[in-house]
Structure formats: C-alpha cells, structure tokens
Amino acid sequence: MREAAARLTFRDPLIELVHGAGGKATRRLIEGLFLPLLENPTLAALADAATIPLDGLRLALTTDAFVVRPLRFPGGSIGELAVNGTINDLAVSGAHPLGLLAAFIVEAGLPSDVLRAETEALARAAQQAGIVVLGGDTKVVEHGKADGLYIVTTGIGLVDARAELGPERVRPGDRILITGPIGDHGITVLLARGELDLEADLVSDTRPLTPFVAALLDAAGPGLRWMRDPTRGGVATALNELAREAGVAVLLVEEALPVRDAVRGACELLGLDPLYVANEGQLLAVVDPSVAEAALAALRRVPGGELAACIGEVRTEPAGVVTVTTAYGGQRVIDMLVGDPLPRIC
Amino acid sequence: MRYVDELRDPRLIRSVAAEIARLADPDRHYRIMEVCGGHTHAIYRHGLTELLPPNIELVHGPGCPVCVLPMGRIDDGLAIADQPGVIFTAFGDMMRVPGRNGTPLEHQARGADVRMVYSPLDALKLAQANPEKHVVFFAIGFETTAPSTALTLQRAKALGVRNFSVFCNHVLIVPAIRAILDSPDMRLDGFIGPGHVSTVIGCRPYLFVARDYGKPLVVSGFEPLDILQSILMILRQLAEGRAEVENQYRRVVPWDGNPAALRAMAAVFELRPYFEWRGLGFISQSALKIAPAYAEWDAEARFAVPGIRVTDPKAAQCGEVLKGVLKPPQCKLFGRECTPEHPIGALMVSSEGACAAYYHYVHRLATAGRSDRCARQQPV
C-alpha cells in the first residue's frame, strides 16, 4: 500500500525563509537537495530520529537547531526548548533518552547573564527529563548575526523493545490521538514578539513527551503504530507526511480538535488555522482501534494530558490526502503548508 | 468561543440549508456572485457548496485586493524596495505575489529590506525607530483597509515623521461591481455583497445594483450561517420578484457606514481618473491616490516609479476567473504550471484568491478521485 513518492528536484535559485518553514518548500529542499547527495537507507526514512541497530539493541540519534525569537516567552525559553525539542524527537521514535550534546552559537554583545539564564534553563529541563549534557561546543559570531543565541542539541537514546513504529505499520481504521490542545506554542511566541498589540492568557506548551510515550507503550503495546510531535508546520503538516508516507487517507473531525479559545481567537483574527500552528509539547499517535480507548485513557491519566483527544481516523481513500469534516457535514482538504506567514518560532 | 460558535451551529446551518433547498426552483439555474474574496475563502473552508442544491451556482467575484492588482504595480513597488536606504513594508498577503522579477520575498532574499507588517501604523513605528532609513508602506485593499492608511498618513503628518511614505494602491468596490454588471458575458441573478467594505461605506452605495440592474444584493457576514442566510435572502427576493439591497450583517454593518472612516479617507485621498485592474482592464474613478496636501508622504511622488505595464502571461486566465466567467480549475494553467508554490497569478497566492481557496480546499480531493460517501461518515 505504500506509494513510491515522486522524486523531487530542487531548482529554486535562492534559499528563502519559506524553505525553513516546515511545509512544501522544506520538503522540496530536503528531498530534492539533501537526500540525493547524502543518500543512505537510514536517512531515506526521514524519521524524527535515526535508528541504528547495535548488538541486539536499537540506538536512536537525532539533532535539532533552535533559532527562536524572542529568546524568552511565556511558559518557556530557548534553553528549555533545546532540551525538550530534541528529547521529544527521541521519544516519538519510541526511545528512552540517554544524553544530550549542546552547541551554542552566541552573538557578540549578548549579555553574559542571558547566556547564564538560558544555560540554567537548559540544565533544569535536562534534570526534569532525567538526562545529562554529555558534551558540547561554543562559537561566537559577529554582532547582528544570530539573534543573540542559537542552540543546537543532539540527543541519543535507546529504543524501547516494545516499540515497532513507522508509517508502514499504519492501517485503515486506526485512530489518531493527540495529547492536548494545539497551537499554544506558536501563538504564544507570535504574541510575545509584541508586534501585534494582542494579549492573551496563554503559555507555550513546551514539555518533555516521555511520560506520554511511556503511557502509550504500556496501554497500547504493539497497537501503537506511529508517533510524531507536530512542531513546525503543526498537526496538518505531520499528518500530511503520514498520509503520504503510508499511502493512506487521514480524516479529522473538526469538533474533536482540542483548541483553546485564546488560540482560536488569535487564529480567527490573524487568518491562521490552528492545524498549521507549531506545538512544542504535543504528540500525535496512531493506534489500533481495539486499544484506542485504553490508550486515550492512559494519556489522560498523565499529568498535563487531561485534554487528550481522539481527533480522527485513518482511511483508505483518498490516499495521500488529509481532510477534515465540519459539524454540519462540510468537508475540506488540509493541505501541506505552502508559505509561512509566521516568523521563526522554534 | 462567543460570536463564532453561534454562527457555526450545525442545527441552524442544516435548517437554513433545508430552507434554501425548499425555496430553490428546481427548473431554474441560479448564478449568485460573492463579490468578496473573504466570502470565497469561507465558502470553501467550510465546505458550503456541499450544502447547496446543485442548481445554485456560486460565482467568485473580483473582491480580492491582491488579485486585482496588475503585475506592473507590483514591479513598481519592488523598484522602490530595491532602492538603497529603503525599508519596504507590506501585508503578509503581498509577500508571495509574483512581479516580473520575483516576489517581495525573493527580493528580500536578494538583499532588499522587505518586512511584513500587520498594520500601516506598524510601518510608521518602524520609520520612527529607524530615522536613518526611509520606510515605504505598500498600501493595498478596498475601502476596508483604506481608512487605516488614511489615519496613518494623518498621524505621520501630525507627528512630522518625514522618513515615511505610502505607495498607494487602494481601489473601490462599487466601480468593480458596475464593471461586472456591464460585462456582456455575465448572467447573474444576485450578489452576496461585501461585508468588511460595507462596515466603512455602508449599504447605500449598492442601491444602483437593485435600481438600475434589477438584481438583489445582500450584504453578508463571513461565518457559515451568515453566508447561507444571505443566499436564502437572495432566493426569497427572487421568488417574490423583488430586487433590493438588504443587510444580513447588521451586527457589524451600519446602513450608513462609518462616517469617521469616510472623513479620514476624504481628507487624505482623491480619486484617480482611471486605474488598471487585473482582468477588468482600466476602470475610470476606481482607485484612490494620495491628495496634494499629503504629497510629502506619497511614495509615487518621492520615488521615480517606473510606471511599468506588464501584460499577464497569455495562457493564464486570471481575468476570466476574477470576473467569474471561468471557475478556477477551468483555467489552462490551474494546478499544473500555476500552483500555490509556484503561482503565476495572484489568485493562486492570496488566501482570498479564488484559485488558492479552490486549490487548498477542493482540488486535491477532486484529483484523488475518491468517492464522497466514504469521507462523509463520521469516524469517531
């Protein structure tokens, strides 16, 4: 059932911001430029983390760069994101995080107190997640070059023996679960930039997803098919990737999507769709229908998972397409993000 | 969420849809134009066409400010953006609209200082924060956005901010509706009238549509229930042989509009003798220019604007789509050469553009060749 994805070629003459937005242009860049030049079977899976078999164990390896502006926002900061973002890429690959490497790209002129505060935030987040920073690197670049501070983290983990995940395991009839309300992080950061004169009682959802993954593995076992943390590009992009890679249809129910009123309101005002807004502490999971109820109950028992929901279902047709049905029977396609009107947020 | 959920109430929506189906004469084909791109977007986003009987056809109108701007004006604006010392600001909608030598975003990637703003006042603030630069605001839009440009210019003058100017491309809705009505290939039965524009100009300017052309026009809000109710009001007029201007969007639109906004526009702008519209050609007295009292803040007066005229790519049928003569997928380039990623015409870029709305919400379903039945079942 898996469709061979058409080979993309990258012909754009210049790299623009949209190539980093996580949508179609990013996909073109990755699959049309990076993938052909670096080709190998592990990379070709384009998973959140690479899995390397080793003496009967499976190591998971992932890396992520953090370029958020502003550095601090309600509910978090770049130091915290740099830990949680990378841990979450390991977690959704079914791996227990073992350790992190962190590289700091610092702009000359950054107050040392800011660097100290972000390193403290990073240390706190690592401690909360029960891992340590094993090594790192520091570079200082000219003033005006790096929005103060960029952080790159690399994570290593051990894949849980029970985890057999991948788009090829997804079947029609499977249910789609999410751990909580969508869009909090993206809208929080957008408002924190102060360019919109909008205020909302909203904080970023940045958090480690490891407790949710543990709950899902316990409750669903082999019925857990696929996981992804819908960061840049949001739930819409993650599910479009699933539909394409698995060659299935994804059908969402609009009423079932958990979205806070503050996020809905901001999205209505700004003409955004919460499905495309970034999250930093949510997890999408596809589970077998026979364990869906138990898996959802397990997610809701995790502190912070009270608003977890079943938001849709996997179907056969139309293959490769994500659609959402409205309460009154209307229907629309949720395509991949084309252009990103939002500034950098993760 | 208040003021939104009530207007998306499934029970009410189904009952209005049923009333529409009851009232529609099965022997008649109805062509109703939604003038405004915001309505086009809402119709596709909420899947409203699926709720209408097949003999009610919604025709997309020209009310998308980005779409009606001819490519030459975009090139003119980008010629200003490429000048040294200029910070060029525009709404997000404009950033991916192609000129002859690329979009504002591509000019930005090549080094032009192009920035997205959410309000012209933000552009003015940028000018105050960067006194060594000259900040230009690329003003587009119908009467919806013209008052905010006018207020910004009044504030710039009052504060004496001299490193700020506006490249004015504001256009007027009434001449566009008249051009549509005068177009020989249009056979329309009625209009879903603009909502946001009417908050400024009110409902009176549309009276000629009913009086001179005998067509009903209902000023409409943007939620699913608003649009369906407006269609029902048009059908009732047609069934009763009436042609009137009615206001469905009374919770927002006063019959006489917003006098303060109209005063600000009158103080700052004057009519251009004529202006070129994409698809509709030159229309007399259809656009605004900055009045002489504000010439110091008029980018067209400050910069040598090349005044480029560019004909649209021959194969692209943006004009026909803008006038409602063709549906988006009937254009030869739709979904092939022209996609949201590589748009040839602005209708494929703006969220209010009929082509983008159709492409995002409908096209992929149509091309996936699926059966409607399976996807309409409720999954959980």
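Residues numbered from 1 in each chain as written. Chains lettered and ligands numbered in written order. Predicted model: local features only at pLDDT ≥ 70, side-chain atom pairs only at ≥ 80, totals over all residues.

Some details on the overall build of chain A
Rule in force here: Helix and strand assignments follow DSSP, with helices taken as H or I runs no shorter than four residues and strands as E runs no shorter than two, numbered in order from the N terminus. Radius of gyration here uses only the C-alpha atoms, and the compact-globule reference equals 2.2 Å multiplied by the residue count raised to the power 0.38. Working definition of burial: number of other C-beta atoms within 10 Å of the residue's own, with buried at 20 or more, exposed at 12 or fewer, and partly exposed in between, all C-beta atoms being placed from the backbone. With C-beta atoms placed from the backbone, a contact is any residue pair whose C-beta atoms sit within 7 Å.
When helices and strands are counted, chain A shows nine helices and 14 strands. Taken against the 2.2 N^0.38 rule, which gives 20 Å for 346 residues, the C-alpha radius of gyration of chain A at 19 Å falls within 12% of a compact globule. When the backbone C-alpha atoms are referred to their principal axes, chain A occupies close to 55 × 55 × 45 Å. Counting every position in chain A, which comprises 346 residues, the buried fraction comes to 52%. If you take every contact in chain A between residues at least 6 apart in sequence, the share linking residues at least 24 apart comes to 84%.

Quick look at the overall build of chain B
Secondary structure summary: chain B contains 16 helices and 13 strands in total. For chain B, the C-alpha radius of gyration of 21 Å lies close to 21 Å, the compact-globule estimate for 380 residues. Considering only C-alpha atoms, chain B reaches an extent of 65 × 45 × 45 Å along its principal axes. When each of the 380 residues of chain B is scored for burial, the buried share is 51%. By sequence separation, contacts in chain B at least 24 residues apart represent 77% of the contacts at least 6 residues apart.

A closer look at the nonpolar core
Here is the rule: Remark: nonpolar core denotes a set of buried Ala, Val, Leu, Ile, Met, Phe, Trp, Tyr and Cys residues whose joining runs through C-beta atoms within 7 Å.
Ranked by size, the top nonpolar core spans 221 residues in total, and within it A:L177, A:L216, A:V250, A:A295, B:F88 and B:L347 carry the most contacts. Once residues lying within four places of it in the same chain are set aside, the contact partners of A:A295 are A:L177, A:L216, A:A219, A:A220 and A:V287.

Here's the deal with the interface of chain B and chain A
Our working definition: Polar here means any residue other than Ala, Val, Leu, Ile, Met, Phe, Trp, Tyr, Cys and Pro, which are nonpolar, and Asp, Glu, Lys and Arg, which are charged; Gly is therefore polar.
Taken together, the 37 residues of chain B in the interface contact 39 residues of chain A. Those elements that place two or more of their residues in the side of chain B that touches chain A are α1 (10-23), α2 (37-45), α5 (104-109), α15 (354-368) and α16 (372-376) of chain B. Broken down by element, the side of chain B that touches chain A gets its largest block of residues, six residues, from α15(B). Classifying every residue of the side of chain B that touches chain A by side-chain character gives 19 nonpolar, seven polar and 11 charged.

Focus on unusual backbone geometry
All names here are of chain A. For the bond from R69 to P70, the omega torsion is 0 degrees, close enough to zero to count as cis. Secondary-structure assignment places P70 in the loop between β2 (57-66) and β3 (72-73). Of note, the bond from E317 into P318 is cis; its omega dihedral lies within 30 degrees of zero at -5 degrees. Structurally, P318 can be placed in the loop between β12 (309-315) and β13 (322-325). A positive phi angle is found at L46, which is not glycine, with a value near 45 degrees.

Looking at the environment of A:L191
Residues and elements named next belong to chain A. With respect to the secondary-structure elements, L191 resides in helix α5 (residues 184-192). According to the C-beta neighbour criterion, L191 is buried, with 20 such atoms within 10 Å. Between the C-alpha atom of L191 and that of E164, which follows or precedes it by 27 residues, the distance is 39 Å. Leaving out residues up to four positions away in the same chain, L191 has contacts with L196, L198, E199, A200 and A266.

Focus: the confidence of the model for chain A
Spelled out, the test is: For every residue, the pLDDT score states the predictor's confidence, bounded by 0 at the bottom and 100 at the top.
The pLDDT averaged across chain A works out to 91; a share of 96% of its residues lies at or above 70. Low pLDDT, under 50, characterises residues 1-5 of chain A; the predicted model gives this stretch eight contacts beyond four residues in sequence or across chains.

Digging into the sheet that holds strand β8 (residues 217-219) of chain B
Residue and element names in this part refer to chain B. To be explicit about the condition: For two strands to be treated as a pair, DSSP must find no fewer than two bridges joining them. Note on geometry: axes are lines fitted to C-alpha atoms, helical ones only across the stretch in contact, with angles between N-to-C directions running from 0 to 180 degrees.
Across the sheet, which stays open at both edges, the five strands sit in the order β2-β1-β7-β8-β9 with parallel pairing between neighbours. Two strands lie at the open edges of the sheet, namely β2 (56-63) and β9 (245-247), each paired on one side alone. Averaged over all neighbouring strand pairs, the angle between strand axes comes to 20 degrees, with direction disregarded. Here strand β1 (residues 30-36) pairs with strand β7 (residues 190-193) via three bridges, running parallel. Across the sheet, M33 pairs through a bridge with F191, a residue of β7. Sitting on the sheet, helix α11 (residues 224-239) touches β1, β2, β7, β8 and β9, and the angle it makes with β7 is about 150 degrees.

Digging into the packing of helix α6 (residues 210-220) of chain A against helix α9 (residues 292-301) of chain A
Residue and element names in this part refer to chain A. Selection rule: The cut-offs work like this: below 35 degrees is roughly parallel, past 145 is roughly antiparallel, 65 to 115 is roughly perpendicular, and the gaps in between are oblique. Two helices cross in a left-handed way if the nearer one is turned anticlockwise from the farther one by less than a right angle. They cross in a right-handed way if the turn is clockwise.
Close contact between α6 and α9 brings their axes to 9 Å; oriented N to C, the two are set at 150 degrees. In terms of orientation, α6 and α9 fall into the roughly antiparallel class. Seen along the crossing, α6 lies across α9 with a hand that is right-handed. Contact residues: α6 offers F212, A215, L216, D218, A219 and A220, while α9 offers A294, A295, A298, L299 and R301. Residue classes in the contact of α6 with α9 are distributed as nine nonpolar, no polar and two charged.

Looking at α2(B)
Residues and elements named next belong to chain B. Summarising burial for α2: eight of the nine residues are buried, a large majority. Every buried residue of α2 is listed here: G37, G38, H39, T40, H41, A42, I43 and Y44. Two residues or fewer past α2, G47 is found with a positive phi of approximately 65 degrees.

Observations regarding the packing of helix α6 (residues 120-129) of chain B against helix α7 (residues 146-159) of chain B
Residues and elements named next belong to chain B. Axis separation between α6 and α7 bottoms out at 8 Å; the angle between their running directions is 25 degrees. Accordingly, the angle class assigned to the pair α6 and α7 is roughly parallel. In the packing of α6 onto α7, the handedness of the crossing is right-handed. Contacts from P120, L121 and L124 of α6 reach α7 at S148, T149, T152, R155 and A156. Grouping the amino acids of the contact of α6 with α7 by side-chain chemistry returns four nonpolar, three polar and one charged.

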